[in-house]
Amino acid sequence: MLEQNQSRKPELLAPAGDYEKLKFAIAYGADAVYMGGPAFGLRAYAGNFTMEQMAEAIQYTHHAGRKLYVTVNIFAHEQDFEEMAAYLKQLESLGADGAIVSDPGIIALAQEAAPKLPLHLSTQMNSTNSYSINFWLKQGLERIVLARELTLAEIQAVREKVPGELEMFIHGAMCMSYSGRCLLSNYLTGRDANRGECTQPCRWGYGLVEEKRPGQVFPVEEDERGTYIFNSHDLCLLPYLPMLKPLGIDSYKIEGRMKSIHYVSSTVKVYREAINTLWEQGEEDFKAKLPGWLEEMDKVSHRDYSPGFLFGKPGAESHNIESSNYIRDYEFVAFGLAADNREHPQIPTLVKDEFSQGYWVEQRYHFQKGELIEVFSPHEEPWTFEVKGIHTVEGEEVDVARHAKEILKLELPRPLPPFAILRRAKKDKK
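Residues numbered from 1 in each chain as written. Predicted model: local features only at pLDDT ≥ 70, side-chain atom pairs only at ≥ 80, totals over all residues. Heavy atoms only, no water.

Per an unreviewed UniProt entry, the chain carries the name Peptidase family U32 C-terminal domain-containing protein and comes from bioreactor metagenome.

This is how it looks when you write it as structure tokens:
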């Protein structure tokens, strides 16, 4: 079994916080996406999908030959079950490729109400050993998502003793609590992390107060905003894929349903190329291309990278204790509007016929004439152009693109490929 899994490429599983991100994830090479429906998922503010959007998304994903999984991974309360059975039946009838679950009650209900719906056990269940994993497989779970707190040696030991499908996180934000079991958000803000409403208080600034000296705040480090004692680095296992390959993990998962289109596109493209290179061309070619992939990862908004628990319990080097800020060396300013967006309501009828020619963009951050913009796309090397002309849908030429989500036509040296991302280096990085 292990040798068979080694020879087969792992599934690359990408986040789809909304329909737009889903399309970009697929365009950039994801084998599967995971998303949240209108309820019962752990990312209540990710955008998510209505049932109508979900039906369309499943059809779109299957037409592309990919898979779609839906998160149903809350820690359910009694009232959650009032509509749960109907919801699970809908997921089954729509053709979802799996539901990501964590609550034993939801698992039992799903097996009764939607017996043809495959079930994947969420990382929220803290699966850290082969005994619990094999227990869940015997309960009818098709796949187990490993806890992020496992070392390389532990993952190998589990894989050798587990016959079923295993999934692991390879990139994205790390939770300061065990696989997301955190009470801070609920305690401090009344918004429950385990019901999809986390406010990420682990990223806030903290100081030390002795109980008999209220009001006297002692900073742990010299930082006027406090110390970020829970603030972990982001996970990035890209350099360690050659170590992971022999383990035969079935699916590599990227965290980030609340991240941007730029994040989804960049991480998926890099890991797609890395997996293809390692499995098809070998480790030598992988190592030769690794510096370029790491450079691309640095262009994405992120915290400092870390291998997480892969080599043991992380120490102080894996936490940001001076700031909770993201590293943003590049700014995502727009994306090209692909041909399948031709019915965009802001596009006048007169120009819809030329819409697919590759000159229209949807603006996301201000940019102006004279700036250098880099074009990043699924199947081309990045290329750069100077902004020389910006036109509104009414035909007016403007010097600055100021309005988020405005539709604009650019004067370009060549057409934008479908799903192109436009970004620029921040001024202090040029």
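Additional details are given in the paragraphs that follow.
(A) Highlighting helix α5 (residues 104–113). Restricting attention to buried positions, one finds in α5 the residues Ile-106, Ile-107, Leu-109, Ala-110 and Ala-113. Taken together, the buried residues of α5 touch β3 (67–72), α4 (84–94), β4 (98–101), β5 (119–121) and α6 (130–138). For α5, the N-terminal cap is Asp-103; the gap from its side-chain oxygen to the backbone nitrogen of Gly-105 is 2.6 Å. (Buried < 20%, exposed > 50% of the residue type's maximum accessible area, 1.4 Å probe, protein only. Helix = DSSP H or I, 4+ residues; strand = E, 2+ residues; numbered from the N terminus. Contact = heavy atoms within 4.5 Å. Polar contact = N/O pair within 3.5 Å; in protein donor to acceptor, adjacent residues only side chain to side chain.)

(B) Summary view of the sheet that holds strand β21 (residues 407–410). The strand order across the open sheet formed by eight strands is β17-β16-β22-β13-β14-β21-β18-β19, and the pairing between neighbours is antiparallel. Looking along the sheet, the strands with just one partner apiece sit at the ends: β17 (383–386) and β19 (397–398). With three bridges joining them, strand β18 (residues 390–392) and β21 adopt antiparallel strand pairing. When the bridges of β21 are listed, Thr-392 appears paired with Leu-408. (Pairing = 2+ DSSP bridges.)

(C) Representation of the packing of aromatic side chains within the structure. Tallied over the entire structure, the rule returns eleven aromatic pairs. Both rings, one in Tyr-19 and one in Tyr-60, keep their centres 5.9 Å apart while their planes meet at 90 degrees; by these two values the pair is edge-to-face. Note that Tyr-19 is positioned in helix α2 (residues 19–27) and Tyr-60 in helix α3 (residues 51–63), a separation of 41 residues in sequence. Among the residues examined, Tyr-19 registers a relative accessible area of 16% and is labelled buried. An angle of 55 degrees between the planes, with centres 5.4 Å apart, marks the rings of Phe-286 and Trp-293 as tilted. Across the pair, Trp-293 and Phe-286 agree in class, each one buried. (Phe/Tyr/Trp six-rings, centres within 6.5 Å; stacked < 30°, edge-to-face > 60°.)

(D) Focus on the pairing of β3. In terms of burial, β3 is largely enclosed, as five of its six residues are buried. Examined bridge by bridge, strand β2 (residues 32–36) and β3 share five bridges and lie parallel to one another. The residue of β3 that forms the bridge with Ala-32 is Lys-67. Strand direction decides the pairing type here: β3 and β4, joined by four bridges, are parallel. Residue pairing in the sheet places Thr-71 in a bridge with Ile-100 of β4. Assessed by its sense of winding, the connection that carries the chain from β3 through α4 to β4 is right-handed. (Right-handed = clockwise from strand over helix to strand, strands pointing away.)

(E) View of α6. The set of residues buried in α6 consists of Ser-130, Ile-133, Trp-136 and Leu-137. In a view along the axis of α6, the buried residues occupy a sector of 130 degrees, so they form one face of it. Residues of α6 that are exposed and angled more than 90 degrees away from the buried face: Tyr-131 and Lys-138. Looking at the buried residues of α6, the elements they touch are α5, β5, β6 (143–145), α7 (152–161) and β7 (165–172). In the stretch just after α6, Gly-140 is the one whose phi turns positive, near 100 degrees. (Arc of directions from axis to C-beta.)

(F) Fine view of the packing of α2 against helix α10 (residues 261–280). One way to put it is that α2 packs onto α10 with a least axis distance of 9 Å and a crossing angle of 20 degrees. As the angle between them shows, α2 and α10 are arranged roughly parallel. Crossing of α2 against α10: the hand is right-handed. Residue-level contacts link Glu-20, Lys-21, Phe-24 and Ala-25 of α2 to Ile-261, Val-264, Ser-265 and Val-268 of α10. (Axes fitted to C-alpha atoms, helices over the stretch in contact; angles between N-to-C directions. Parallel < 35°, antiparallel > 145°, perpendicular 65-115°, else oblique. Left-handed = near helix turned anticlockwise from the far one by under 90°.)

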